[in-house]
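# An overview of the molecular structure
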Amino acid sequence: MYSCVVVSMFVTYVCVLMAVGYFTLFERKALACMQIRKGPNKVGVGGILQPIADAVKLLSKQYLVPSRANKLCFYFAPVFSFTLSLMLWHAFPFYYANYYVVFGLMYFFCVSSVSVFGTIMAGWASNSKYAMIGAIRGAAQAISYEVSFSLLALFCVFLRGGFSLSGVEFPGVALAFLAFPLFQMFLATMLAETNRAPFDLVEGESELVSGFNVEYSGVGFTLIFIAEYCSMLFMSVFVSVFWLGGFSAWFFSGPAVLVVKSLFVCFFFVLCRGALPRHRYDLLMSLTWKSFLPASLIGLLVTFWLS
């Protein structure tokens, strides 16, 4: 039993890391089409080997450490973020072993709320004012959207009847069509959760730096980069399960349906990056506290009253 679980976890991690590599290729190709230019097309047929070349390049680069950095935290922060991004996938059922977390949503809340410490640790340990400013922005951003994000997820729990990602689906129709305004708010908070445009505020365009990870290179930057994309892929599956009907469709049911829905959500990430300008920091604070929080509370209370 336990050996099957370990093998299933290992297969899941390998598949996720491969998906991260080729999602970057998909994103670069899609952005190239949106901007009317050529994407990666030199390495392999149609650029199919570009993710492997990028991985070799990043992992072979020198890992520079600032002389006044806190070296222990500087080394540990990327590993911490990467580990948490892989731990998120434990909330999703391992069907090879019929093993899943019963309170998967609560597990997801615990892991995702701790992930902000990786950002803070990386910014503080770098001993750079630009990295520290990016880390502070990331922490304040996390506080602002986490509350409404949790309430919108609990709205789905009341209608689905379970905290597990393999729980009972709402019969017959996806929740996104029943509560489309709340679904739109959830998509916006999902972009903030994964630090993606137009809410990638940990990157400081006024300082012309990359934010909290500006001092990282080589393996450290690679782990932070992989952690961000792992979280994006997990959020795509999360939205597909909780809001888009999971494994079921009007004409078919099965894992292929979930994969197709997740790919559409992945394309939504890329579309937002290519089409929307970056939000101002104060506008995001106002949006989450003054708009999303009251609306999510009202939706949750109405749903609780009806159920």
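Residues numbered from 1 in each chain as written. Predicted model: local features only at pLDDT ≥ 70, side-chain atom pairs only at ≥ 80, totals over all residues. Heavy atoms only, no water.

In this structure, Phe108, Phe234, Phe238, Val239, Phe242 and Trp243 are the most contacted members of the largest nonpolar core, which totals 69 residues. Counting residues per element, this core draws most heavily on helix H9 (residues 218-242), which supplies 13 residues. Excluding residues that lie within four positions of it along the chain, phenylalanine 238 makes contacts with Leu105, Phe108, Leu165 and Phe186. One finds Met121, Ala122, Phe212 and Ile224 within the second-largest nonpolar core, a separate group that totals eleven residues. (Core = buried A, V, L, I, M, F, W, Y, C linked by side-chain atoms within 4.5 Å. Buried < 20%, exposed > 50% of the residue type's maximum accessible area, 1.4 Å probe, protein only. Helix = DSSP H or I, 4+ residues; strand = E, 2+ residues; numbered from the N terminus. Contact = heavy atoms within 4.5 Å.)

A cis amide bond links alanine 197 to the next residue, proline 198, at an omega of 5°. Topologically, proline 198 is positioned in the loop between helix H8 (180-193) and H9. Although it is not a glycine, asparagine 127 sits at a positive phi angle of roughly 55°. In this fold, asparagine 127 is placed in the loop between helix H5 (116-125) and helix H6 (129-160).

Attention now goes to the UniProt feature "transmembrane region" (unreviewed entry) in the protein. When the UniProt feature table is mapped onto this chain numbering, "transmembrane region" (unreviewed entry) sits at residues 6-26, 72-92, 98-122, 143-161, 173-192, 221-244, 250-271 and 283-306. End C-alpha atoms of residues 221-244 are separated by 33 Å, and the span's content is 92% helix alongside 0% strand. (UniProt positions renumbered as here; feature names shortened; annotations may be inferred.)

All told, the structure shown has six salt bridges when counted by the stated rule. The partner of glutamate 27 in a salt bridge is arginine 196, and the shortest N-O contact between them spans 2.4 Å. In this pair, glutamate 27 is assigned in helix H1 (residues 2-34) and arginine 196 in the loop between H8 and H9, connecting sequence segments 169 residues apart. The class for glutamate 27 is buried, based on a relative accessible area of 2%. What makes arginine 196 buried here is its relative accessible area of 4%. A salt bridge links aspartate 54 to arginine 28; its shortest N-O distance comes to 2.9 Å. In this pair, aspartate 54 sits in helix H2 (residues 50-60) while arginine 28 sits in helix H1, placing the two residues 26 residues apart along the sequence. Look at arginine 28 and you get partly exposed, because its relative accessible area is 36%. Through salt bridges with shared partners, a single ionic network connects Glu27, Arg196, Glu228 and Arg273. (Salt bridge = Lys/Arg side-chain N within 4 Å of Asp/Glu carboxyl O.)

This part is about H5. Every α-helix winds through 3.6 residues per turn, so residues three or four apart in the chain are directed the same way. For H5, the buried fraction is high: seven of the ten residues fall into the buried class. Listing the buried residues of H5 in full gives Val116, Gly118, Thr119, Met121, Ala122, Gly123 and Ala125. Next to the buried residues of H5 lie helix H3 (71-87), helix H4 (104-114) and H6. Positive phi appears at asparagine 127, one or two residues downstream of H5, with a value of about 55°.

It is worth spelling out the side chain of threonine 189 at this point. Counting through the fold element by element, threonine 189 comes out in helix H8. You can call threonine 189 buried: its relative accessible area is 1%. Among all residues touching threonine 189, those that are not within four sequence positions of it are Tyr145, Ser148, Phe149, Leu152 and Phe292.

For the rest of this paragraph, the subject is the confidence of the model for the protein. As a note on interpretation, predicted positions should not be read in detail where pLDDT is low. Looking at the protein, pLDDT values average 84 and 90% of them are 70 or higher. Averaged over each element, pLDDT in the protein is lowest for helix H7 (residues 175-178) (83) and highest for H3 (92). (pLDDT = per-residue confidence, 0-100.)

Turning our attention to the packing of H3 against H5. Two elements in contact, H3 and H5, have axes whose closest approach is 8 Å; the angle formed by their N-to-C orientations is 155°. As judged from the angle between their axes, H3 and H5 are roughly antiparallel. In this structure, H3 crosses over H5, and the sense of that crossing is left-handed. Contact residues: Cys73, Phe74, Phe76, Ala77, Phe80 and Ser81 in H3; Phe117, Gly118, Met121, Ala122, Trp124 and Ala125 in H5. Looking at the contact of H3 with H5 residue by residue, the class counts come to ten nonpolar, two polar and no charged. (Axes fitted to C-alpha atoms, helices over the stretch in contact; angles between N-to-C directions. Parallel < 35°, antiparallel > 145°, perpendicular 65-115°, else oblique. Left-handed = near helix turned anticlockwise from the far one by under 90°. Nonpolar A, V, L, I, M, F, W, Y, C, P; charged D, E, K, R; others polar.)

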